[in-house]
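Report on the structure
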Amino acid sequence: MTVNTPVDVSAVRAIIIDILELEDDELTNTSLFIEDHGADSLGAIEILSRIEKELGVVLPQDDLVKLIHLDAVLEVLATAERRQP
């Protein structure tokens, strides 16, 4: 079941900045993880994994290809399922 999940934007930014080893001002809502920040497929998997773990959501593996920039991550998270306790 898909629901509207409140998104903690600052937590998501912090995860992405940490994994991609960026300065805060380097990450914009539309800067591309691969092209602009040199991320590889492992970085995208790490982002997905950390978001699931730290925010308590479940993201389908199919959504991995959608995670190209911060706005896309936030869009996917808005419809993510909460992990069952």
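Residues numbered from 1 in each chain as written. Predicted model: local features only at pLDDT ≥ 70, side-chain atom pairs only at ≥ 80, totals over all residues. Heavy atoms only, no water.

The subject of this paragraph is the overall build of the chain. When you go through the chain residue by residue, the secondary structure sums to three helices and two strands. Sequence-ordered secondary structure for the chain, helices as α and strands as β, is α-α-β-α-β. In terms of overall dimensions, the chain is globule-like: its C-alpha atoms have a radius of gyration of 12 Å, near the 12 Å expected for 85 residues. A principal-axis box enclosing the C-alpha atoms of the chain has dimensions of 35 × 25 × 20 Å. (Helix = DSSP H or I, 4+ residues; strand = E, 2+ residues; numbered from the N terminus. Rg over C-alpha atoms; globule rule 2.2 N^0.38 Å.)

Attention now goes to the confidence of the model for the chain. Per-residue confidence for the chain gives a mean pLDDT of 89; residues scoring 70 or more make up 92%. Per-element confidence in the chain is highest for helix 1 (residues 9-20), whose mean pLDDT is 96, and lowest for strand 2 (residues 81-82), whose mean pLDDT is 81. (pLDDT = per-residue confidence, 0-100.)

Enumeration according to the criterion identifies four salt bridges in this entry. A salt bridge links Glu-54 to Arg-50; its shortest N-O distance comes to 2.6 Å. Of this pair, Glu-54 and Arg-50 both sit in helix 2 (residues 41-55), four residues apart, which is roughly one turn of that helix. Under the relative-accessibility criterion, Arg-50 is labelled partly exposed at 26%. Here Asp-63 ties to Lys-66 by a salt bridge, and the two come within 3.1 Å at their closest N and O atoms. Taking relative accessible area as the criterion, Asp-63 reaches 13% and is therefore assigned buried. For Lys-66, a relative accessible area of 46% gives the class partly exposed. Via salt bridges that share partners, Asp-18, Arg-50 and Glu-54 belong to a single interconnected network. (Salt bridge = Lys/Arg side-chain N within 4 Å of Asp/Glu carboxyl O. Buried < 20%, exposed > 50% of the residue type's maximum accessible area, 1.4 Å probe, protein only.)

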